[in-house]
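A closer look at the structure
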Amino acid sequence: MTFSTSVNGEKRDLDLSGHEAAVDVIREQLGLTGTKLVCAGGVCGACTIQIDGVPAAGCLTPATAMVDAEVTTVEGIADGDELHPVQKAFLAHDGLQCGYCTPGFIVDGAAFYDGWRAEHGDSAPRPEPDRHTIAGALAGHLCRCAAYEGIYRAMAAACRGDFDDGPVEPARIDGPAKVTGQAVYTADVYPDGVLHAVIGRSPIAAADVGPLPSGNDRPEWIIDLLPEDRRVRYAGQAMFAVAAESLADARRIAAAVPVEVRPRPFVIDPDEALADGAPPVYEDRAARKLAPNSSEGPMLPTRWSNNRAGPEPHAVPGHVGQIPRSQGTGGGVGRSRRVAAGN
Ligand code: FES
Ligand code: FES
């Protein structure tokens, strides 16, 4: 069904089935990719939007909450060409690096700024929030680049009124695109024919998993991600991946894959794991060594003797001679190897 809403001051129509999350509709239907989808679980804050001025996690908010509401995304925080004081402050104090978390911080930070200003008035001098207050206000946001120092400084300066007027000198050249949601990342590009993938993960820490469906029950695009023994050894371990032409379809298909998960005994408490009779993750050391790789990342392209010796020594550019394998008492004591000069 079609509903109407106002997004960044413009009337927009929404085609909703009732099952969509707000962030998906904003990104995929409205094309406003400044709002990011990261954790999809209400943890990181990257998807934050304002609905009638109140910040909300777009990944947890049903799209129907936007019907007949005033929705603001990061693209609507500036007043035309005039950046919001919080956007200017992030630019001046370099409250960002990759910028992927930045839209969420800006949208929530702008709401906090408005509340601070309403509470403390428009005339200088006005107080600035302390770090504890800023941390509390933005507690729902994670920055993986750890730009927190700049974010603290930016929020304090904006609330103080340092950026109410005038231009700003960005600390980094790509800053303006990142604080306004204009920066384009790989996940923001939807070329024709692109498929969206969703990974089906184990809900429990130990289980034997049956085969993937075959015949008519088998989705068109599905791949098996389990090792040969078809055993999962941690909650969240990838079991399979499906692909579809939309993220919503991929999620729906992944949720419907009829895969049998037979739980095995497990413990997750360290003391219980050390107790006699605790269920092992691997039967013995040999089984551990022979186990197929269940890691989601590539294996390190180097041999390890043990966790004290570290990886094999590597060539150091500009160095000719011998590099000690280890300065400590690890397994590589005394061994060395000749390395060639770098370029
Ligand atoms: S994507 Fe919504 S909170 Fe992380
Ligand atoms: S700037 Fe990279 S995650 Fe925050």
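Phi is positive for Asp52, close to 50 degrees, though the residue is something other than glycine. Looking at the secondary structure, you find Asp52 in the loop between β3 (48-51) and β4 (54-57). For Asp52, a count of 13 C-beta atoms within 10 Å puts it in the partly exposed group.

Of all hydrophobic cores here, the largest spans 48 residues; its most connected members are Ala22, Ala89, Phe90, Ile106 and Ala158. If you list the elements that add at least two residues to this core, you get α1 (22-29), β4, α2 (85-92), α3 (102-120), α4 (131-137) and α5 (148-160). If one sorts the elements of this core by residue count, α3 sits on top with seven residues. Contacts of Ala22, omitting those with residues within four sequence positions, involve Ile49, Gly58, Thr61, Pro62, Ala63, Ala65 and Met66. Membership of the second largest hydrophobic core comes to 12 residues, among which are Val209, Phe240, Val242 and Ala254.

Before going further, it helps to spend a moment on α1. Most of α1 is tucked away, with six of its eight residues classed as buried. As for α1, its buried residues are in contact with β2 (10-15), β3 and α7 (247-256). Gly31 occupies a position one or two residues after α1 and carries a positive phi of about 70 degrees.

A separate point is the confidence of the model for the chain. For the chain, per-residue confidence averages 86 on the pLDDT scale, and 85% of positions sit at 70 or higher. Counted against residues more than four places away or in other chains, residues 314-343, with its pLDDT under 50, gives 41 contacts.

Relative to each other, α2 and α5 sit at 140 degrees, their axes nearing to 8 Å. Viewed along their axes, α2 and α5 adopt a mutual orientation that is oblique. Relative to α5, α2 is oriented so that their crossing is right-handed. Counted together, Pro85, Val86, Ala89 and Phe90 of α2 and Ala154, Met155, Ala157 and Ala158 of α5 form the full contact between these two elements. Split into classes, the residues belonging to the contact of α2 with α5 amount to eight nonpolar, no polar and no charged.

Further remarks concern the pairing of β2. Both strand β1 (residues 2-7) and β2 contribute to a ladder of six bridges, which runs antiparallel. Directly across from Val7, in β2, lies its bridge partner Glu10.

In this section: the sheet that holds strand β10 (residues 238-244). Spatial strand order, β6-β10-β8: three strands in an open sheet with antiparallel pairing. Strands with a single pairing partner mark the edges of an open sheet, and in this sheet they are β6 (196-201) and β8 (222-224). Each adjacent strand pair in this sheet contributes to an overall mean axis angle of 20 degrees, direction not counted. Pairing analysis gives six bridges linking β6 to β10, with the strands arranged antiparallel. What sits directly across from Ala197, in β10, is Ala243.

What follows covers the environment of Ala65. Turning to its location among the elements, Ala65 is positioned in the loop between β4 and β5 (70-72). Measuring from C-alpha to C-alpha, the distance between Ala65 and Thr5 comes to 9.7 Å, with 60 residues separating the pair along the chain. Setting aside anything within four residues of it in sequence, one finds Ala65 in contact with Ala22 and Ile51.

Attention shifts here to the sheet that holds β2. Pairing is mixed across the open sheet formed by five strands, whose spatial order is β2-β1-β5-β3-β4. Strands at the two margins of the open sheet, each flanked by one partner only, are β2 and β4. Neighbouring strand axes in the sheet, compared pairwise and without regard to direction, differ in orientation by 40 degrees on average. Here β3 pairs with β5 via two bridges, running antiparallel. In the sheet register, Ile51 faces β5, and the bridge partner there is Val71. In this fold α3 packs onto β3 and β4, with an angle of close to 35 degrees to the strand it touches most, β3.

Definitions and cut-offs
Residues numbered from 1 in each chain as written. Chains lettered and ligands numbered in written order. Predicted model: local features only at pLDDT ≥ 70, side-chain atom pairs only at ≥ 80, totals over all residues. Helix = DSSP H or I, 4+ residues; strand = E, 2+ residues; numbered from the N terminus. Buried ≥ 20, exposed ≤ 12 C-beta atoms within 10 Å, placed from the backbone. Core = buried A, V, L, I, M, F, W, Y, C linked by C-beta atoms within 7 Å. Contact = placed C-beta atoms within 7 Å. pLDDT = per-residue confidence, 0-100. Axes fitted to C-alpha atoms, helices over the stretch in contact; angles between N-to-C directions. Parallel < 35°, antiparallel > 145°, perpendicular 65-115°, else oblique. Left-handed = near helix turned anticlockwise from the far one by under 90°. Nonpolar A, V, L, I, M, F, W, Y, C, P; charged D, E, K, R; others polar. Pairing = 2+ DSSP bridges.

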